[in-house]
Amino acid sequence: MWDDAFPSFLIGLREGLEGGLIVSILVATLVRAGAKSRLPQVWTGVLAALALAMSFGAVLTFTAASMSATAQEAFGGSLSVVAVAFVTAMVFWMRRSARNLSGEIKEKVTGALAMGTGMLIVTSFLAVGREGLETALFLWTTARAAGESAGPMIGAGIGIVIASGLCWGLYRRVLKINLTKFFTATGAVLIVIAAGVLGYGLRDLQEGGVLPGKSAYAVDLSQSIDPGAWYSTLVQGVFNLTPTMTWLQVIAYVGYLAVVMTLFVRGVRSSSAAEPASQEKPAEAPARTRKRPAWVVPVAVVAVPAAVAGGVVAFGKSKPADAQTIAVSEKECGKGFTAPKPGRQTFQMHNTGDKASEVYLIDPASNAVYGEIEGLAPGTTRDLVATVAGGSYAWRCVPTGGKAVTSTPVRVSGGGAAKAVVPVSEADLAAPLTSYKQYVGQGLATLVAQTKQLSDDIAGGNLDAARTDWLTAHRTYSSLGAAYGTFQDFDKKINGRTAGLSDGVNDKDFSGFHRIEYGLWHGQSASDLTAPAAHLAEDSAGLQKAFPTQDFDPADLPLRTHEILENTLQFELTGDADQGSGTSLATADANLAGTRELLGVLRPLLASRDAQLLPRVDGDIARVQKLLDAAHHDQNWTPVDRLGAAARTRLNGATGQLLEDLAPVPDLLEIRKSA
C-alpha cells in the first residue's frame, strides 16, 4: 500500500505547505496585532476552500468525470496567476499596516485591518482552494490508477499533517517577534513564495497550451538533482523551484522578484525614515448595524459548494448530449457508432454480449490504437475517452476466448492531431526475442563456468577466493533478469531466497547463491558449503541445457523492462536479499545492466512509437549508474545499510523515477489481437 501512498504523501506535503504557509502568516499577523476578531474571516476563506475541494472530489468520484490534461493545466495555471495577484496586494497591505501600527498599535489596528477585510477571505480562499482542487484531482487519478483509495488517502493525510505541523511551528515563532520586523520579514517571504507560484502557474499554462515555450528550457538539472529527495520536495513545496524550468518561468520569476521586492524594500525604508503622525481624530461612534448570526457564513460556504456538487452528481451521471453509446460484442461490435466531431470525445462502451471483452478504437488501415478498455464485463458500461482528428476510425472488440471483430469504419472530417499507438504483433517481437535469447544463452555458458570455479574453490578450502568468485557468478546470473519468468523451477534452486521457508536460513531447502552467501559470510566451514556449491554448479548446468527448450512468451519482454528494477527496489535497495556479503548494490548494478540490454533489443520498436521515451529513460539510467558507481571503490561495494541517508534517498529516488519512465513500455509494446 505504501507504493500507492508515497506519491500522495508528497503531494499532500507539497500542497499543504503552499497553502498553509500563507494562511499561517495571515493568522499570525492578526493574532500578533491584537485583531483576533478578524480570524473568522481567514477561517471562512479556508473553510470555503476545503468545502470546494471536497465537493470537487465528490464530483470526480461519483460522476467519473474526465478532465483533459491540458484543461487541468490551464485551470490550475489561471488560478495560480490570480492567487499571485491577491498575495501581492496582501503583501503591500501588510507593509502599509506596519507603517500605521508603528505608534499606537491597538488604537489604529482595527482601521488598518478594515482595509483588508474582504482581501483576507479571498486570499485565504485562493491559497487553500488552489491546492485543494489540485490535491483532489491528484488523489482521484492516483486512486483510479492504483485500483484502491486507502493508500493514496493515507499518504496524502500524512503529508498534510506534517505540512500543518511545519506551518504551526512558523505560526508559533512569529507570535514572539517584533511586529514591524514581522511585517517586513513575512512580506519578503510571501514575495518569494508568490514568485514561485507565478512561475509554477505559467508552467501550467504552457502545459495547457495557453502559452508557448513549454519545451524551451532555461534550466535542466534533472540529471544532477534528485527530484524525489526530501530537500527537493521541500524546496519545490515552499518555493516552487523545480530542477527543470522554462525560459518563461525563469524570466517571470526573476522579473517579479526584482520588481516587487524592490518596491517593497523601498516602501519599508521610506516608512522607517518617516515620522509617524501623532495627531489622532476623536473616535466616532460606530454606526448601528444589524448583526447576522455567526453561523450563517460558515454554513453557507459549506452548503453552497456541497449543493452544487450534489446537483452535478445527480444530473451528471446521465451521458453528455454528444456522447455515443457503442455496443461491444461479437455480434454487435461498434453498433451505434457514427462519425464524431474532431477533438476529445467520450464514448460509452456497453458490453451487450455474454463474455468479458477488450475493446479498442483503431485506425483500420494501420491498426493503430487511439483508446482502449480491458476487461469490460457483460452488461456493464464504461467510458472510453479519446482524442480524434481527421481520418478513419473503427472499433475492435475482442471477447475473452472469442474471435476479434472489427466494426465498419467511419470517416472523421477536420484537422487537428490525434496520438495513436501502433500495435505490436508476435512477429514484431520475434527478432528482439531471438537476440535476447542469444544474450541469455551466452550468459548461461559463462555462469556454468563461474559456478564450477566457485564449487572448486570451496571444495579446495579456499574460502577467500570463493567469496570473490561468488560475487562474480552472482552478478552474471543477476544480469539475466528478463529471463526469470522462463527459468521455471531453476530460479528457486539457483538464486535461493528464504521467503516461504519455515526455518529461514536453517531450512534444509535453502539453496543456491544466497545459501552459499550466508555460509561464506557467517563463518561456516568449507565442508558445510561443499554440497550446496556442488548443487549450484549442477543446477546452473541443468538450466543451460534446458533453456533452449523452455517457453519464452514474447509479451514478457516489455514487462521485464519494468519488473527487473521493481525487484531491485524491493529487495536489493532495501537490503532484504542480503545474507551478509553487503553486495546488494553490486546485484543492483547487474540488474541495471540486464535492463539496459533488454531495452537495447526493444529500442527500434520503442523509438518508432514514442520518440521522447528513450532519451528520458537513457538519462534516468545514466543517473542511477552514476549513483551506483559512487558506491563502488577498488572492487568493494558499500553495503546498503552503510549508505548515507542523502545518498540512499538519491538512489531510491532515481530508481523510482526510472521505473516511472519505464512504466509506459508494456502498454506501448502490448500484443493486441487484430483478427
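Since the model is a prediction, treat every value here as computed from it, not as a measurement. (Residues numbered from 1 in each chain as written. Predicted model: local features only at pLDDT ≥ 70, side-chain atom pairs only at ≥ 80, totals over all residues. Heavy atoms only, no water.)

**Topic: the overall build of the protein**
So, point 1. From N to C terminus, the protein includes 20 helices and 12 strands.
So, point 2. The 675 residues of the protein split such that 46% are buried.
So, point 3. Long-range pairs, those at least 24 residues apart, make up 76% of the contacts in the protein with a sequence separation of at least 6.
So, point 4. In the form shown here, the protein has an accessible surface area of approximately 32500 Å², with 58% of it arising from carbon and sulfur atoms. (Helix = DSSP H or I, 4+ residues; strand = E, 2+ residues; numbered from the N terminus. Buried < 20%, exposed > 50% of the residue type's maximum accessible area, 1.4 Å probe, protein only. Contact = heavy atoms within 4.5 Å. Areas by Shrake-Rupley, 256 points an atom, 1.4 Å probe, with all protein chains shown as cover.)

**Quick notes on unusual backbone geometry**
Glycine aside, the phi torsion of most residues is negative, and most peptide linkages are trans.
So, point 1. One non-glycine residue, Asn-367, adopts positive backbone phi at about 65°.
So, point 2. Assignment of secondary structure puts Asn-367 in the loop between strand S5 (357–362) and strand S6 (369–376).

**Some thoughts on the sheet that holds strand S7 (residues 381–388)**
So, point 1. Spatially, S3-S4-S7 is the arrangement adopted by the 3 strands of the open sheet, whose pairing is mixed. Looking along the sheet, the strands with just one partner apiece sit at the ends: strand S3 (324–328) and S7. Averaged over all adjacent pairs, the angle separating strand axes in this sheet is 35°, with direction ignored.
So, point 2. Across 5 bridges, S3 lies against strand S4 (residues 343–351) in parallel orientation. Note that in S4 the partner of Gln-324 across the bridge is Phe-347. (Pairing = 2+ DSSP bridges. Axes fitted to C-alpha atoms, helices over the stretch in contact; angles between N-to-C directions.)

**A few points about the pattern of salt bridges**
So, point 1. Under the definition given, this model contains 11 salt bridges.
So, point 2. Between Glu-330 and Lys-355 there is a salt bridge, with its nearest N and O atoms 3.6 Å apart. Of this pair, Glu-330 sits in the loop between S3 and S4 while Lys-355 sits in the loop between S4 and S5, and the two are 25 residues apart along the sequence.
So, point 3. Given a relative accessible area of 31%, Lys-355 falls into the partly exposed group.
So, point 4. For Lys-335, the salt bridge identified is with Glu-332, shortest N-O distance 3.6 Å.
So, point 5. Connected via shared salt-bridge partners are Asp-556, Arg-560 and Glu-563. (Salt bridge = Lys/Arg side-chain N within 4 Å of Asp/Glu carboxyl O.)

**Some details on the packing of helix H12 (residues 463–478) against helix H17 (residues 584–607)**
So, point 1. For the pair H12 and H17, interaxial distance at closest approach is 8 Å and the crossing angle is 35°. Crossing geometry of H12 relative to H17 is assigned as right-handed. Across from Leu-471, His-474, Arg-475 and Ser-478 in H12, the residues of H17 making contact are Ala-586, Thr-587, Asp-589, Ala-590 and Asn-591. (Left-handed = near helix turned anticlockwise from the far one by under 90°.)

**Quick notes on the packing of aromatic side chains**
So, point 1. For the coordinates displayed, the defined rule picks out 10 aromatic pairs.
So, point 2. Centroid distance Phe-347 to Trp-395: 5.3 Å. Interplanar angle 80°. Geometry classified as edge-to-face. Of this pair, Phe-347 sits in strand S4 while Trp-395 sits in strand S8 (residues 391–399); the two residues are 48 residues apart in sequence, bridging distant segments of the chain. Assigned by exposure class, Phe-347 and Trp-395 land together as buried. (Phe/Tyr/Trp six-rings, centres within 6.5 Å; stacked < 30°, edge-to-face > 60°.)

**A short note on the pairing of S8**
So, point 1. Most of S8 sits inside the fold, with 8 of its 9 residues counted as buried.
So, point 2. Taken together, the 6 bridges between S5 and S8 define a ladder with antiparallel strand orientation. Opposite Ser-357, over in S8, you have Pro-399 as the bridge partner.
So, point 3. Judged from the 3 bridges that link them, S8 and strand S10 (residues 410–412) form a sheet pairing that is antiparallel. Among the inter-strand pairings, Tyr-393 is bridged to a residue of S10, identified as Val-410.
So, point 4. Alignment of S8 against strand S9 (residues 405–406), held across 2 bridges, turns out to be antiparallel. When the sheet's bridge partners are listed, Arg-396 is paired in S9 with Thr-406.

**Some thoughts on a nonpolar patch on the surface**
So, point 1. There is a patch of nonpolar side chains on the surface, built from Ile-154, Ile-158, Ile-162 and Leu-166 and spanning about 320 Å² of accessible area.
So, point 2. Tracing the chain through its elements places Ile-162 in helix H6 (residues 150–174). (Patch = residues over 30% accessible without salt bridge, like charges linked within 9 Å, V, L, I, M, F, W, Y side chains within 5 Å.)

**Digging into helix H15 (residues 526–546)**
So, point 1. Over its 21 residues, H15 runs 30 Å from end to end, which matches the ideal 30 Å to within 8%, given 1.5 Å per residue.
So, point 2. Along H15, the residues that are buried comprise Ala-526, Leu-529, Pro-532, Ala-533, Leu-536, Ala-537, Asp-539, Ser-540, Leu-543 and Ala-546. (Expected span 1.5 Å × (residues − 1).)

**What about the environment of Pro-423?**
So, point 1. With respect to the element layout, Pro-423 can be found in the loop between S10 and helix H11 (426–459).
So, point 2. Owing to a relative accessible area of 16%, Pro-423 belongs among the buried residues under this scheme.
So, point 3. Separated by 245 residues in sequence, Pro-423 and Leu-668 have C-alpha atoms that sit 7.6 Å apart.

**Comments concerning the pairing of S5**
So, point 1. Most of S5 sits out of view: 5 of its 6 residues are buried.
So, point 2. Sheet topology places S5 next to S6; 5 bridges connect them, and they run antiparallel. Directly across from Ser-357, in S6, lies its bridge partner Leu-376.
So, point 3. In textbook terms, the turn of a hairpin is the stretch between consecutive antiparallel strands, and for S5 and S6 this stretch comprises 6 residues, one of which, Asn-367, has a positive phi near 65°.

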